[in-house]
Structures are given as C-alpha cells and as structure tokens.
Amino acid sequence: VFQLSVPLNFLGSVYRELRQSLLDMETLFNLQKVNVAVKEKEGAKPLLLTGGEIRFENVTFGYTPARPILKNLTLTIPAGKKVAIVGPSGCGKSTILRLLFRFYDVQEGRILIDGQDIRDVSLESLRKAIGVVPQDTPLFNNTIEHNIRYGNMEASPEQVRAAAERARLSETIAHFPEGYQTMVGERGMMISGMRTAQVYEEKKNVVDDRTGGEKQRLAISRLILKDPPLLFFDEATSALDTHTETTLLQNINSILKEKKRTSVFVAHRLRTIYDSDLIIVLSGGQVAESGTHENLIDKGGVYSELWSAQEMKFGDNAEDVALAEDV
Ligand code: ATP
C-alpha cells in the first residue's frame, strides 16, 4: 500500500498544479490579449513576499509604442492597504493589472513587488501571488461546489461553504434544489440573469437579489478560497444590486482587514471605494491626484467633481445614498 501511495500522491500534486495553472489561465484569458513574447529570465527565483507592496516606477507602456497608455507613471500601493484606482474609461486601469501579471512588459521604468522587479522573478510565483475578480468570470461545466473549489482544490467541503457564505452566495445556493451539486456553466444552469430569476419564481421564494451577480460572487468565493497575498477587484461588484453589493463589500473589507491583504479596486462608481486607504486618480496615463476621500474632496479637483456628479445621481435614489453611508 505504501509503495503505491507515494506515486499516487505525487500524481495528485501534479494534477493539482495543473488545475491551478488552468485557473490562472482562466484569469489570463479573461484579461485577454495575452502576449506570449514575455519570457521568464533564466534562473528566475520565486517572488518573495514580505508585506505585499506594489510599486510602479516611471512606467511607460503602450500596446503599440506609438500610442503610450501609461506615461512615466509612478505610484505606490502600500502593503496591506485597500487602494482604489479610478479614472475615465480607457485611461489604463486594467492595463495596470495586465502589466502586473506580466502579460506585457513595460517599455520604460519598472514594476516592483516588495522591492523585486517582476521581470526577475518566476512567472509562476508572480501569478500565484495575485488573485483577480474580473469583470466576467467563466464557469466550468460542473457543480457549484466544484466551481468554487477551483480556488483551492484541497479545500474541505466546510471551507467551500464558509467561502460561499462570506461571498454572500450561500443564500442563493440554498434556493437551488440540488444546492452545491447544482450544475452550472454552458450545459448546466446559467447562474445569472434570467434563468436564476425563473428558478426563484418557480420556487415562489423571491429574495431581494434578482439582478444576477452570482457569477461574481462565485468568483469572490474562489478568491476567498485561493487566499492570495495580492487581490484585485476589477469592477467586481458592478452587476450586483445595491443591497447585495453593500453587504458583500462589508464582508470583503472584513476579510482584507483581518488578513492584512493588499487589495486594489478598479471602480467606476466611487460609492464602492470611497472608504479606501488610498485613492489614485488616473488621467492621461499619469496620476492626476491621490489621497483619501477626505483629502481629495478638500482638494476640489477631478475626484471631487466626479464625486459630486455621482452623488447627484445617487441622490435620485435615497436608498442608495443611505446604504452608501453604511459601507
Ligand atoms: P475601462 O474603465 O473602460 O475598463 P481602462 O481604464 O481599464 O478602461 P484599459 O483597458 O487599461 O482601460 O485600456 C487602456 C487603453 O488601451 C484603451 O484605449 C484601450 O482601447 C487600449 N487597449 C487595451 N488593450 C489593448 C490591446 N490589446 N491593444 C491595443 N490597445 C489596447
């Protein structure tokens, strides 16, 4: 028995590694536009994480050199802090994330994680350190349980359930007759939008969340299970209704604080990020201004204008504003 179990265990770990890299591939395809030209340096060492500080130093980058997106950009995302990156559409917010993953290399300057140039560390260790909740999460044709477990193939059923709980997904799962064994993905049940609403209707057990967003909460469950040192939320809660979003953000905040994780939120709606430790406003490929919400409001610049404009919009919906106050 002993002789047999060794190679099997070994195969198990190779299998898990393969699964893990598939998960990373999934993220990769999500962020898309993969550049296979990025090469690992010979003898590259694994990334050594101390606190999780991210620093862009004089970074210039464009998908085509003729059209730079980031221009001599310098910014620091402090270790263990919640940082928001905001700015007009197309200003390069997602590009920052793609560069950090090293889907592309910078044309000038450098990107450091805990003082190490990301071009000097192994790609595997770099990508393992970063978890993303993207704008859209593909699901695998498998059970909900399996889809969540993809974040960490070794997680126990209890851990899977705890993650779903924290991601505000467990209530939804409880509405499906087969619970965690419900099939999702293309050939299973679509876990967002119409179909979910129909399921609720059939069960005559309508809860407040009928606007979808289950996929995003599933992605967040995965991330909670994966528990990477650096977390990125790319418009991660935009499909949720206000109430669900508020509660989910509270849960995410408590996890981040508890674990002292470095997190970056890319957001359009300032209401979801105004409590960040640091807000970085990008414009024209550079940092236009940065600070806390209070600093930036006092300053009366771009952020403060954006805030006023959005607050006026939220003002149409008193409930939105009330909930925003609670976050
Ligand atoms: P949004 O808020 O709309 O998501 P963003 O700030 O995240 O936008 P990016 O996705 O980083 O913006 O894109 C920045 C610019 O780079 C945009 O003008 C976009 O059209 C361009 N861009 C993005 N990917 C590529 C690519 N693979 N090739 C060429 N241009 C690209």
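Per an unreviewed UniProt entry, the protein chain carries the name Iron-sulfur clusters transporter atm1, mitochondrial and comes from Coniosporium tulheliwenetii.

With respect to the sheet that holds strand 2 (residues 70-77)
Consider a sheet: its strands pair through backbone hydrogen bonds, and that pairing is either parallel or antiparallel. Overall, antiparallel pairing links the four strands, which are arranged 2-1-4-5 in an open sheet. Where the open sheet ends on each side, the last strands, each with one partner, are strand 2 and strand 5 (116-117). Sheet analysis places strand 1 (residues 54-61) next to strand 2, joined by five bridges and oriented antiparallel. Bridging from a neighbouring strand, I54 pairs with I77 of strand 2. Across the sheet, helix 2 (residues 93-100) is in contact with strand 1, strand 2 and strand 4 (108-113); its angle to strand 1 comes to roughly 110°.

Describing helix 2
Here helix 2 lies mainly inside the structure; eight of its eight residues are buried. By the burial criterion, the buried members of helix 2 are K93, S94, T95, I96, L97, R98, L99 and L100. Looking one or two residues past helix 2, R102 carries a phi angle of roughly 60°, positive in sign.

Let's talk about the site of the ligand
Taken together, 15 residues sit near the ligand, with R67, S89, K93, S94 and T95 positioned nearest. Residue R67 places a side-chain N or O atom 2.8 Å away from an oxygen atom belonging to the ligand. T95 places a side-chain nitrogen or oxygen 2.4 Å from an oxygen atom of the ligand. Against a free-state accessible area of 640 Å², the protein chains account for coverage of 72% of the ligand. A class-by-class count of the residues in the shell around the ligand yields five nonpolar, six polar and four charged.

Things to note about the nonpolar core
F56, I96, L99, L100, I111, I130 and F232 are the most contacted members of the largest nonpolar core, which totals 35 residues. With near-sequence residues (within four places) excluded, F56 lies in contact with L73, T74, L75, I96, L99, L100, R110 and I111. The next biggest cluster of nonpolar side chains, apart from the first, holds 25 residues, and it includes I220, F233, Y274 and W307.

What counts, and where the lines are drawn
- Residues numbered from 1 in each chain as written.
- Predicted model: local features only at pLDDT ≥ 70, side-chain atom pairs only at ≥ 80, totals over all residues.
- Heavy atoms only, no water.
- Pairing = 2+ DSSP bridges.
- Helix = DSSP H or I, 4+ residues; strand = E, 2+ residues; numbered from the N terminus.
- Contact = heavy atoms within 4.5 Å.
- Axes fitted to C-alpha atoms, helices over the stretch in contact; angles between N-to-C directions.
- Buried < 20%, exposed > 50% of the residue type's maximum accessible area, 1.4 Å probe, protein only.
- Near = heavy atom within 4 Å.
- Polar contact = N/O pair within 3.5 Å; in protein donor to acceptor, adjacent residues only side chain to side chain.
- Areas by Shrake-Rupley, 256 points an atom, 1.4 Å probe, with all protein chains shown as cover.
- Nonpolar A, V, L, I, M, F, W, Y, C, P; charged D, E, K, R; others polar.
- Core = buried A, V, L, I, M, F, W, Y, C linked by side-chain atoms within 4.5 Å.

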